[in-house]
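One letter stands for each residue in the lines below.
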Amino acid sequence: MKNIKQHTKRTNITAESIRLTPNQSKVLKEFLIFLVIQLCLLAPVFAQEDEELIGFDFTHSGKGEYEDEKMSSQKYDLRINLPVVTKKKDTYLMHGLELGRSNIKFGNSLAKNAKLNRFYKVAYTFSYMRPIKKNWYLMAGAGPYVYSNFDSGLTSKDIKGTGYLILSKPTGKRDHNELIIGVVYHPSLGFGIPIPLVGFNWRPDERWNINLGFPDFSIEYKPGKNTRIGTNLFINGDEFTLSNKDRIFQVGREHLPDLTKDVKDVEVDKFSYTEYGLGLHVKQKFLKNFQARINTGYSFSREFEFKDEKNKLLTIEPKDKYFVQVGVSFLM
């Protein structure tokens, strides 16, 4: 099933010595927002040379300071992919299931009385993959997506939809390179319309693999048959739904600088956490079909956002900190 392409997702980084201006941060985030596609949507559908049947990741983002609080997060993600071969040559169906949990730690005062610390994810993607004219390959998928604290069980506002349409084409003398274009829609991107996607996968020789463009920018080197090392820009985070409106507890005006009126409690419907960074990773295959990986680095931008149904209530940017991600996959 070599025609099934996959692009892995994720993670975090920081460098406390790097501080960006608001305008620089905005431009950088617009560039890196495309990486959310990698982290939140495409991971269950694409991987690199080998297809992932089952994968598990744990990601820890270290404590970043805000005022007198220390904020951190931990993520657990389990992915299961079930490919189905059809009667048509090089045409496949894919059932992708993703289960996850996020633990967010705010400290003692900001979310003292709110159930904003633990969220659960359930996502299903049905994908269709087939060759089309002039050596292009079509990949399309859609499905429901839920990431909630489930405080009142599953409600209609917890359920969102995702979808993507991607075309890829091998290029170069021996088809070693690959051109990728398409569109992706995901609710956590913050856009009400599909987002364009473009990239170029360059393989100058058998050991180097370089991804350029949007959403992926990474460099990977293969020193041996079963080992890969590399570096990449990445993003970690998502948007979470609160089944019941919950409250942020205010201790002093400094915790709610974006509000125009003086209140002690603010009702929250949604919470999002986003982290941008640069990391170094190592991937090691073992027992023929297994691959272990570790990715670590520093995030240069972290952001927590609290929202009601229509508006942003509060944006917090704690100081940057390290992250580490470990995982294991069973490959086809």
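Summary of the structure given here. These numbers come from a predicted model, not from an experiment.

This paragraph deals with the overall build of the chain. Counting secondary structure elements, the chain contains 2 helices and 15 strands. Within the chain, the fraction of its 332 residues that count as buried is 49%. For the chain, the computed accessible surface area is about 16200 Å², with 59% contributed by carbon and sulfur atoms.

With that settled, consider the packing of aromatic side chains. Counting across every chain of the model gives 6 aromatic pairs. On the basis of an interplanar angle of 25° and a centroid distance of 4.6 Å, the ring pair of Phe 119 and Phe 240 is categorised as stacked. Linking Phe 119 in strand S4 (residues 118-131) with Phe 240 in strand S11 (residues 227-249), this pair joins segments that are 121 residues apart in sequence. By the burial criterion, Phe 119 is buried, and Phe 240 matches it. With a centroid separation of 4.6 Å and an interplanar angle of 85°, the aromatic rings of Tyr 147 and Phe 240 are classed as edge-to-face. Here Tyr 147 is found in strand S5 (residues 137-148), whereas its partner Phe 240 is found in strand S11, with 93 residues between them in sequence. Judged by relative accessible area, Phe 240 falls into the buried class, the value being 2%. An aromatic cluster is present here, built from Phe 119, Tyr 147 and Phe 240 joined pairwise through their rings.

Let us look at the nonpolar core. The tendency in soluble globular proteins is for nonpolar side chains to be buried side by side. Counting 17 residues, the largest nonpolar core has Phe 106, Phe 119, Phe 271, Phe 304 and Phe 306 as the members making the most contacts within it. Residue assignment for this core shows that the elements contributing at least two residues are S4, S5, S11, strand S12 (265-286), strand S13 (290-307) and strand S14 (312-316). Those residues in contact with Phe 304 that sit more than four places away from it in its chain are Met 71, Ile 104, Phe 106, Phe 271, Ser 272, Tyr 273, Leu 314, Thr 315, Ile 316 and Pro 318. Residues Tyr 137, Met 139, Ile 166 and Ile 180 belong to the second largest nonpolar core, which totals 10 residues.

With 13 of 18 residues buried, S13 is to be regarded as a mostly interior element. Both S13 and strand S15 (residues 322-331) contribute to a ladder of 9 bridges, which runs antiparallel. Within S15, the residue paired with Arg 293 across the bridge is Gly 327. Bridge count between S13 and S14: 4 bridges; the pairing is antiparallel. Bridge pairing links Lys 307 to Lys 312 in S14. Connecting S13 to the antiparallel partner S14 that follows it, the hairpin turn spans 4 residues.

Applying the stated rule across the entire model yields 11 salt bridges. Between Arg 228 and Glu 220 there is a salt bridge, with its nearest N and O atoms 3.6 Å apart. Residue Arg 228 shares its accessibility class with Glu 220, and that shared class is buried. Two residues, Lys 283 and Glu 220, come together in a salt bridge whose shortest N-O distance is 3.3 Å. Taken together, the residues span a long stretch of sequence, with Lys 283 in strand S12 and Glu 220 in strand S10 (residues 218-224) at a distance of 63 residues. Each member of the pair Lys 283 and Glu 220 is classed as buried.

Glancing now at unusual backbone geometry. Located in the positive-phi region is Lys 134, a residue other than glycine, with phi close to 55°. In this fold, Lys 134 is placed in the loop between S4 and S5. One non-glycine residue, Leu 287, lies in the positive phi region at around 50°. Mapped onto the secondary structure, Leu 287 falls in the loop between S12 and S13.

What counts and how
Residues numbered from 1 in each chain as written. Predicted model: local features only at pLDDT ≥ 70, side-chain atom pairs only at ≥ 80, totals over all residues. Heavy atoms only, no water. Helix = DSSP H or I, 4+ residues; strand = E, 2+ residues; numbered from the N terminus. Buried < 20%, exposed > 50% of the residue type's maximum accessible area, 1.4 Å probe, protein only. Areas by Shrake-Rupley, 256 points an atom, 1.4 Å probe, with all protein chains shown as cover. Phe/Tyr/Trp six-rings, centres within 6.5 Å; stacked < 30°, edge-to-face > 60°. Core = buried A, V, L, I, M, F, W, Y, C linked by side-chain atoms within 4.5 Å. Contact = heavy atoms within 4.5 Å. Pairing = 2+ DSSP bridges. Salt bridge = Lys/Arg side-chain N within 4 Å of Asp/Glu carboxyl O.

Functional significance is not addressed by these values, which are geometric in nature.
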